[in-house]
Amino acid sequence: MASIVSVACSGRIGDPNAAGGLGKPGTPGGAAGSGSSKSPGAARGNGGLPALPDGSFSSKATPLRRLTSTQLDNTVRALFPGVALPATLFPSTIAGRDYTTFPQATVVTEDVAESMRSAASAIAKAAAADVNKLMGCAPATAGCADKLIGALGESAYRRPLTVEEHDILRALWDKDTQATPVQRAQAVVEAILQSPQFLYLDDKSGKVDASDPTRVTLDGYALASRLAYLLWNSPPDAALIAKARAGKLASRDELLAEAKRLLADPRAHPVVAAFHVEYLQLTKLDAAQRDAALFPSFGPELAASMKKAFERFVEHVVFDSKGTLAELLESRVAFVNGRLAAVYGVSSSSSGDDDYRQVQLPQGERAGMLTRAAFAAAHANTRESAPVHRGAVVLERLFCRELEPPPGVNATLPQLQDGESPRERLARHRADPACSACHDMIDPVGFAFESFDAIGSHRIAYASQVPIDASGDVPALGVKFGDGVELSAQLAKSDIAMSCYAVHWLRYALGRRLAPDDDDLAATVQHQFIKSGGNIQALLLAIVGSDTFRQRPVNP
């Protein structure tokens, strides 16, 4: 007997009522679910678009953010170019329902602390093996130790060291007079790699804003780090640090000019792709398993191909094509290797697993990221598709409906009866009023993607020969569609979908969910995104140019 995670609707999120349709946000109205679904943004006068606050906490209590495992790995490789290091260095950052940039994803438990200590020790040993190269001078030369501490410390901390920080590291160098230069250098490197200045985004510096004494405008070094880790997942390069040192990141225009430079660099491509993997929760592919008797072609290699092809698709849309959310939702362009070509039913001249060739997916069957094999397979079970999971992701990520498990509800689906379709099975499940409030929205949206089986192959009937019905009519969401292609087309023209997408980028960029006092920020960024025609790079520039990105609370 299969089971699902039953979910309930929270009323904290803006309600795109049917009165205005999906493309035009409606008038704030009553609930469609277990709580009030009033549109806070419209009620507070932001032109009708939902500002979508996430909770009752304040943005003035933003917690400290540790770098993700990817950011730490990239930083170490930038610090020690040419040093042979393992493929992965620090313990993986697990996002869950939120993002890897959230402090909750980077909590340092006892096990994580030990793993990070081990990583720092191994890196330091490898880096100090050629001590002359590491230090840039002969260790016995006067001032050489200070040169190492100053140069490496500034690179690792992404700003000049304070006198106190320098003295602490120098005392560590001098501590054991019997130690060799290699051992001393190793001790200094290991200490730097375990310091909070290296592991966390350092936002302490800056000046109190003259127009708002509760806010501090960050200095150039802190802004350089925020920008580089957002757009490159890497530390600031020499050009960005030089701008920070010269005080040339103080204005919004100067910061935006650097943001444009970073976006034009290929290092931005995998970062934008990785956001979309987290956005649609495609990391579930990493541990996905299928019944080998039903899906003999599925395994880790195919799952990895699905995710890689999805990333290539996102990079193509954002950086090589129109770059809009609408294109992400409607484009039939795909990149396939031989494994994926078979899933999509297209021909490919790929020469191997790492050779992805551009193709057009069949018209009428697929359109955009929600109809990709990666999305279908990430949200499926070992033997069958999972319309509830697929529907829930779309509701949360494109409608910004907050879904939480209701207390005391039986989440087990009834047994599928002979000749019964999954749609009919879920209809019986919705007979429980505690389930129907939200499943009346979740289930139809999920059924839009029932044309794709548990590995994302297109189908017109279930294994039982029951025909697929992928249509849906959800008045509470203002949508009516024949299948996932039609739903994607409606989302592509939707201001609500664009507003929600903007909120998710804001969450990712700020490393937290939005608070009620973020209303003006959300409304401004949403409107700029919509005004740009849904251009994703324009959205990122709107976020970087916001006061919230450039500032922090006086007492974070």
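Residues numbered from 1 in each chain as written. Predicted model: local features only at pLDDT ≥ 70, side-chain atom pairs only at ≥ 80, totals over all residues. Heavy atoms only, no water.

Engineer: I keep staring at the packing of aromatic side chains and nothing clicks. Help me out?
Structural biologist: Given two aromatic rings, their pairing is described by the distance between the two centres and the angle made by the two planes. Counted by the stated rule, this structure contains eleven aromatic pairs. Ring geometry for Phe275 and Tyr279: centres 5.6 Å apart, planes at 15 degrees, overall stacked. Taken as a pair, Phe275 and Tyr279 lie in helix H12 (residues 268–279) at a separation of four residues, close to a single helical turn. The pair formed by Phe275 and Tyr279 is uniform in burial state, with each residue classed as buried. Pairing Phe275 with Tyr501 gives two aromatic rings, centres 6.3 Å apart and planes at 80 degrees, and the pair type is edge-to-face. Residue Phe275 is found in helix H12, and its partner Tyr501 is found in helix H21 (residues 495–510); the two are separated by 226 residues along the sequence. An aromatic cluster is present here, built from Tyr99, Phe102, Phe275, Tyr279, Tyr501, Trp505, Tyr508 and Phe529 joined pairwise through their rings. (Phe/Tyr/Trp six-rings, centres within 6.5 Å; stacked < 30°, edge-to-face > 60°. Helix = DSSP H or I, 4+ residues; strand = E, 2+ residues; numbered from the N terminus. Buried < 20%, exposed > 50% of the residue type's maximum accessible area, 1.4 Å probe, protein only.)

Engineer: Explain helix H2 (residues 69–79) to me, please; I cannot follow it from the model alone.
Structural biologist: Since the α-helix advances by 3.6 residues per turn, residues separated by three or four positions end up pointing in the same direction. Of the positions making up H2, those classed as buried are Ser69, Gln71, Leu72, Asp73, Thr75, Val76 and Leu79. The elements touched by buried residues of H2 are helix H3 (110–128), helix H5 (144–157), helix H7 (181–193), helix H8 (196–199) and helix H9 (220–231). (Contact = heavy atoms within 4.5 Å.)

Engineer: I'm lost on the layout of surface pockets in this one. Help?
Structural biologist: Picture a little ball the size of a water molecule; that probe, rolled over the atoms, points out where space is still empty. Of the voids in this model, the largest pocket is the one considered here, and its volume is about 930 Å³. Lining the largest pocket are 35 residues, and of these Thr70, Thr93, Thr100, Glu278 and Thr283 lie nearest its centre. Looking at the lining of the largest pocket, the elements that each hand over two or more residues are H2, H12 and helix H13 (300–320). Take the lining of the largest pocket: its biggest share by element is six residues, from H2. A class-by-class count of the residues in the lining of the largest pocket yields ten nonpolar, 14 polar and eleven charged. (1 Å grid on protein atoms, 1.4 Å probe; cavity = no way out; pocket = protein on both sides within 12 Å on 5 of 7 lines; lining within 4 Å. Points joined across faces, edges and corners; volume = space filled by probe spheres on them. Nonpolar A, V, L, I, M, F, W, Y, C, P; charged D, E, K, R; others polar.)

Engineer: Looking at this structure, I do not really get the pairing of strand E4 (residues 333–336). What am I missing?
Structural biologist: Side-chain positions along a regular strand alternate between the two faces of the sheet. Here E4 shows two buried faces, one formed by Val333 and Phe335 and the other by Ala334 and Val336. Sheet topology places E4 next to strand E5 (residues 357–360); four bridges connect them, and they run antiparallel. Considered in E5, the bridge of Phe335 is made with Gln358. (Pairing = 2+ DSSP bridges.)

Engineer: In this structure, what is going on with the state of the cysteines? I would like to understand it.
Structural biologist: In a disulfide, the sulfur atoms of two cysteines are covalently bonded to one another. All chains considered together, the criterion is met by two disulfides. Disulfide partner of Cys137: Cys144, at an S-S distance of 1.8 Å. In this structure the cystine formed by Cys137 and Cys144 twists about its S-S bond by roughly 95 degrees; its chirality is therefore right-handed. Exposure class is identical for Cys137 and Cys144. Each is buried. The residue that forms a disulfide with Cys400 is Cys500, at a sulfur-sulfur distance of 2.1 Å. Here the S-S torsion is close to 95 degrees, and the disulfide linking Cys400 with Cys500 is therefore right-handed. Within this pair, whereas Cys400 is found in the loop between helix H17 (387–398) and strand E6 (402–404), its partner Cys500 is found in helix H21, the two being separated by 100 residues in sequence. The burial state of Cys400 is the same as that of Cys500; both residues are buried. (Disulfide = S-S within 2.5 Å.)

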